[in-house]
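# Understanding the architecture of this molecule
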Amino acid sequence: MRLYTLARKVNHRIKQKRREDAGKYLSPVRRLEKFSVPVGEKVVSMTFDDGPMNMPANPTPDPKYENWGLTKILIDIMGEYGARGTFNVVGTTEYNYPDKQGMIHKPTWSGVKHDHYPQFGKDQYAGAKNQKELIKALIDNGHEISNHGYKHILFGKNHLVYGSREHFSNIYEVVSDLRQLHDLLKTEFNYDIMMSRPPHYIDKIPDGFTSYDAYALMKYDYLAASFDGGGWLPTVGDYKEDVRRMVEPLENALKNDANALDGQIIFQKDGYNMSLMTPVATALKEQLEILKRYGYKVIPVRELKQKYPFEDFCDTSKNFEIARDLDQKGYIIGYKTNEFKPDKELTIGEMVMMTLTKDDYKKALEQICNSPRDKSIYLQQPYYLGFLHYNRLDLMDRADSIAKKEDIERFYKESLGISPSIQKNELKRFEYLEIVNELVYHLV
Ligand SMILES: [Zn+2]
């Protein structure tokens, strides 16, 4: 356990640094952790990883759930509270053999080379491939489905905790795995998945690309979380205590600040924890009871994002409506960190990128994946695809310079064929939204 705690600390530091870097770039894929909602709005999302699971809860939380599969229990409890979640499901882990069973209570509990859900040797009881009636039940009850990978194979190597795990070797393998689950949901349920969370949050793909690139090719957002709902670590051997550890942090957060969970994404598990127990089956009801007491509504992440797309820009800000509209139309206007930074001065790179849609980006990325030269420029300069799209590599050297009025006028005239009305010499990002909006209406 000590190694595990240390690994989490190191991970946390790496993540902070990564976040600072990520905040520099606009991206078609945004890391959704939380959203800025108007004060007192009281909306929150709950996400459940690794299901759906059709094996019983351990222990059974209530006699009425005797012999019910876990996902069905969670659906029932959520229904009681009018809560709707985001279920981050897998396809199946049944092809991840030969493998050995690791030690219970350890990260390898479900397998040494791969994960097996709901448990080693019982793969057919979890996942969308073999549990279609559970997927149907989730969709019918208004829950969201997101893509946790068809086989739950790591995108790349994790040296710390999951060092013995096999992983994908390039972006094509990652995308084809994601595509397999995406297509299953589309063909069998006519359901469009819009986001994904990588297995164990491993982002680096060995060929230099990352989960964000894979998601750009899928036109997904990155489903992260801001609040750990617990229930996935090993048990302390005392079920009551395990449940308490899932309920108390949430209760304390709200005791300190009733608005603490506004716009947040809670992380949980739809499956056994490392000790083959399911404290979530008891804790969920208590969590929902507390959320209800504080007046929270639990809605899927996609609905939260649709209403309040960014984590630093909301309803009461000028031009927010334009931003939300452009975001829904697929324009690349937010940073990788899900920030909008309305008051930041507009740069040349941002000027170009904000006129691009996720579709444009996807096409450009598909084209350069095979060219080592293009790929290495892109990995250094994410705005390369924007300059490439307009055949304006001449602007690339100035990507980080502030865009002046004449830069905007020239780019719009030469590359887009329109002359926007610009009042000031330099624009803040929220002011530039009006010009992009003008362009979008011009295009219609
Ligand atoms: Zn997982």
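Residues numbered from 1 in each chain as written. Predicted model: local features only at pLDDT ≥ 70, side-chain atom pairs only at ≥ 80, totals over all residues.

- Per an unreviewed UniProt entry, the chain carries the name Polysaccharide deacetylase family protein and comes from Defluviitalea saccharophila.

## Examining unusual backbone geometry
- Cis rather than trans, the peptide bond between Gly51 and Pro52 has omega equal to -5°.
- Counting through the fold element by element, Pro52 comes out in the loop between β2 (43-49) and α2 (70-80).
- For the bond running from Tyr117 to Pro118, omega is 5°, close enough to zero to count as cis.
- Inspection of the secondary structure assignment puts Pro118 in the loop between β3 (86-89) and α3 (132-140). (Helix = DSSP H or I, 4+ residues; strand = E, 2+ residues; numbered from the N terminus.)

## Observations regarding the packing of helix α9 (residues 320-328) against helix α15 (residues 429-443)
- Put simply, α9 and α15 touch, their axes get as near as 10 Å, and they point 45° apart. One element, α9, and the other, α15, form an angle in the oblique class. For the pair α9 and α15, the sense of crossing is left-handed. Here α9 contributes Ile322, Ala323 and Leu326 to the contact with α15, which in turn contributes Leu433, Glu434, Val436, Asn437 and Val440.
- Partitioned by chemical class, the residues of the contact of α9 with α15 number six nonpolar, one polar and one charged. (Axes fitted to C-alpha atoms, helices over the stretch in contact; angles between N-to-C directions. Parallel < 35°, antiparallel > 145°, perpendicular 65-115°, else oblique. Left-handed = near helix turned anticlockwise from the far one by under 90°. Contact = placed C-beta atoms within 7 Å. Nonpolar A, V, L, I, M, F, W, Y, C, P; charged D, E, K, R; others polar.)

## Focus: the pairing of strand β4 (residues 144-147)
- Every second residue of β4 is oriented toward a common face, with Glu144 and Ser146 on one face and Ile145 and Asn147 on the other, all of them buried.
- As a crossover connection, the stretch from β3 through α3 into β4 is right-handed. (Buried ≥ 20, exposed ≤ 12 C-beta atoms within 10 Å, placed from the backbone. Right-handed = clockwise from strand over helix to strand, strands pointing away.)

## So, the pairing of β2
- Burial analysis of β2 places six of its seven residues in the buried class, the great majority of the element.
- In the sheet, β2 pairs with strand β9 (residues 297-298) via two bridges, with the strands oriented parallel. By the bridge assignment, Val44 is partnered in β9 with Val298.
- In this structure, β2 lies alongside β3, joined through three bridges in parallel fashion. By the bridge assignment, Thr47 is partnered in β3 with Thr86.
- For the segment spanning β2, α2 and β3, crossover handedness is right-handed. (Pairing = 2+ DSSP bridges.)

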